[in-house]
There are 2 protein chains.
Amino acid sequence: MLDSDNTCNTDCPPRDVLDLIGSKWVIMILCCLKSGPLRTGELMRAATGISQKMLTQTLRDLEYNGFVERISHPEVPPRVEYRLTGLGHSLSELTLVMQQWAVANYPAILAQRSRAVGQN
Amino acid sequence: MLDSDNTCNTDCPPRDVLDLIGSKWVIMILCCLKSGPLRTGELMRAATGISQKMLTQTLRDLEYNGFVERISHPEVPPRVEYRLTGLGHSLSELTLVMQQWAVANYPAILAQRSRAVGQN
DNA sequence: CTGAATCCAAGAAGATACTG
DNA sequence: CAGTATCTTCTTGGATTCAG
């Protein structure tokens, strides 16, 4: 039962998950990894505009929460791959639902926005 | 078609929507309004912990994007009600999906987290 | 009652330089 | 190649005060 008497506490699973996928690069990373594992450098190129700091930071976060698996090959030079876990795939499907909702309703949102600015 | 070549640009509808529902109080407000219109004061009490500034700020944002309708009754003292639009109800259903995913997968996430800290 | 304005602290994110 | 560390900037959110 979610939200018994119409109050959604601040510290609830939904908030926790939202803070995750709400962070700027998470969706993009999930997106990039959906079709298969990638190396760090490949991710850097695939996720256009991300800095190295944000990339590793986001990956650590995803790893910590069990959405991404880090595979380090003991070679020289170092080779590291990241791949979605089962939970990660599940999450990426959830974000897909959101994306679909977003593209479906975006025209309505934009229309309302221009209506709103017109009134001022 | 979302995301043709595996890149999800920063300025895309999904990001835009995420920035909206990712903001701290949006879900809670949607939640509170789901069962019917509420006045400002009622919202203040329903959304436990919110400040007045964040309440009006969040409402303006929701209004601007067409999720909430502001109904001002020309009375003294002033009486204002907020109610979900059709788009708002649609969005609240989307957040419900997220909430369900969150509660369903939260145990797995927590388990992974404790496993992660154990390794360090 | 409703809500706008201001000031302030904390966190997120970017740029850059450096290590194994 | 992969990752860390530091410094700076910008945004969020909270506390308080004031106005219609």
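All values derive from a computational prediction rather than experimental measurement.

Chemist: Kindly report on the overall build of chain A, identifying the contributing residues and their values.
Modeler: Looking only at helices and strands, one finds 5 helices and 3 strands in chain A. Along chain A, from the amino end to the carboxyl end, the secondary structure elements read α-α-β-α-α-β-β-α. Out of the 120 residues in chain A, the part that is buried amounts to 43%. Long-range pairs, those at least 24 residues apart, make up 43% of the contacts in chain A between residues at least 6 apart in sequence. Only carbon and sulfur atoms are counted for the fraction: they give 53% of the accessible area of chain A, which is about 6200 Å².

Chemist: Tell me about the pairing of strand 2 (residues 68-73) of chain B, residues and numbers included.
Modeler: Residue and element names in this part refer to chain B. Bridge analysis of strand 2 against strand 3 (residues 79-84) gives 6 bridges, and the strand direction is antiparallel. Bridge pairing in strand 3 places Ile71 opposite Glu81. Taking the residues that link successive antiparallel strands as the turn, the strand 2-strand 3 hairpin has 5 residues.

Chemist: Could you give me a rundown of the protein's contact with DNA strand D, with the residues and numbers involved?
Modeler: Inspection of the region around DNA strand D gives 17 residues, with Gly41(A), Gln52(A), Arg70(A), Lys24(B) and Lys53(B) positioned closest. Protein-adjacent atoms of DNA strand D, using a 4 Å cutoff, are sugar or phosphate at a proportion of 55%. In the model, a sugar or linking oxygen of DNA strand D is placed 3.1 Å from a nitrogen or oxygen of the Arg39(A) side chain. In the environment of DNA strand D, a phosphate oxygen lies 2.4 Å from a nitrogen or oxygen atom belonging to the side chain of Arg70(A). The element that contributes the greatest number of residues to the surface near DNA strand D is helix 4 (residues 52-64) of chain A, accounting for 4 residues. A class-by-class count of the residues in the surface near DNA strand D yields 6 nonpolar, 5 polar and 6 charged.

Chemist: Outline helix 4 of chain A, supporting the account with residue identities and numerical values.
Modeler: Residues and elements named next belong to chain A. In a regular helix each residue adds 1.5 Å, so 13 residues correspond to 18 Å; helix 4 covers 18 Å between its end C-alpha atoms and thus fits that length. Looking only at helix 4, the buried set comprises Leu55, Thr58, Leu59 and Leu62. Along the axis of helix 4, the buried positions cluster into a sector of 100°, meaning they face one direction only. Its buried side turned inward, helix 4 meets helix 2 (26-33), helix 3 (40-46), strand 2 (68-73) and strand 3 (79-84).

Chemist: If you had to explain the sheet that holds strand 2 of chain B to someone new, which residues and values would you point to?
Modeler: Residues and elements named next belong to chain B. The antiparallel open sheet is built from 3 strands, whose spatial order is 1-3-2. Since the sheet does not close on itself, it has two edges, and those belong to strand 1 (38-39) and strand 2, each with one partner. This element, helix 4 (residues 52-64), spans strand 2 and strand 3 of the sheet and lies at about 110° to strand 2.

Chemist: Explain the packing of aromatic side chains to me, and be specific about the residues and the numbers.
Modeler: All told, the structure shown has 2 aromatic pairs over all chains when counted by the stated rule. Summarising the aromatic geometry, the rings of Phe67(A) and Trp101(B) are spaced 6.4 Å apart at their centres and angled 35° between planes, so their arrangement reads as tilted. Taken as a pair, Phe67(A) in the loop between helix 4 and strand 2 and Trp101(B) in helix 5 (residues 86-119) lie in two separate chains rather than in one. Of the two residues, Phe67(A) and Trp101(B), neither departs from the other in class, the shared state being buried.

Chemist: Now, about the relation of the copies chain B and chain A: what can you tell me, with residues and values included?
Modeler: The two copies are related by a screw operation: chain B maps onto chain A through 180° of rotation and 0.0 Å of translation along the axis, at an RMSD of 0.2 Å. Taken together, these values place the two copies in the relation of a two-fold axis. Considering only C-alpha atoms, the residue of chain B closest to the rotation axis is Gly22(B), which sits at 2.7 Å.

Chemist: Describe the pattern of salt bridges, listing the residues and the values that go with them.
Modeler: Residue and element names in this part refer to chain A. All told, the structure shown has 12 salt bridges over all chains when counted by the stated rule. In this structure, Arg60 engages Glu63 in a salt bridge whose closest nitrogen and oxygen atoms are separated by 3.3 Å. Of this pair, Arg60 and Glu63 both sit in helix 4, 3 residues apart, which is roughly one turn of that helix. Judged by relative accessible area, Arg60 falls into the partly exposed class, the value being 37%. Note that Arg79 is salt-bridged to Glu81, the shortest N-O span being 4.0 Å.

Conventions adopted
- Residues numbered from 1 in each chain as written.
- Chains lettered and ligands numbered in written order.
- Predicted model: local features only at pLDDT ≥ 70, side-chain atom pairs only at ≥ 80, totals over all residues.
- Heavy atoms only, no water.
- Helix = DSSP H or I, 4+ residues; strand = E, 2+ residues; numbered from the N terminus.
- Buried < 20%, exposed > 50% of the residue type's maximum accessible area, 1.4 Å probe, protein only.
- Contact = heavy atoms within 4.5 Å.
- Areas by Shrake-Rupley, 256 points an atom, 1.4 Å probe, with all protein chains shown as cover.
- Pairing = 2+ DSSP bridges.
- Near = heavy atom within 4 Å.
- Polar contact = N/O pair within 3.5 Å; in protein donor to acceptor, adjacent residues only side chain to side chain.
- Nonpolar A, V, L, I, M, F, W, Y, C, P; charged D, E, K, R; others polar.
- Expected span 1.5 Å × (residues − 1).
- Arc of directions from axis to C-beta.
- Axes fitted to C-alpha atoms, helices over the stretch in contact; angles between N-to-C directions.
- Phe/Tyr/Trp six-rings, centres within 6.5 Å; stacked < 30°, edge-to-face > 60°.
- Least-squares fit on C-alpha atoms with pLDDT ≥ 70 in both.
- Salt bridge = Lys/Arg side-chain N within 4 Å of Asp/Glu carboxyl O.

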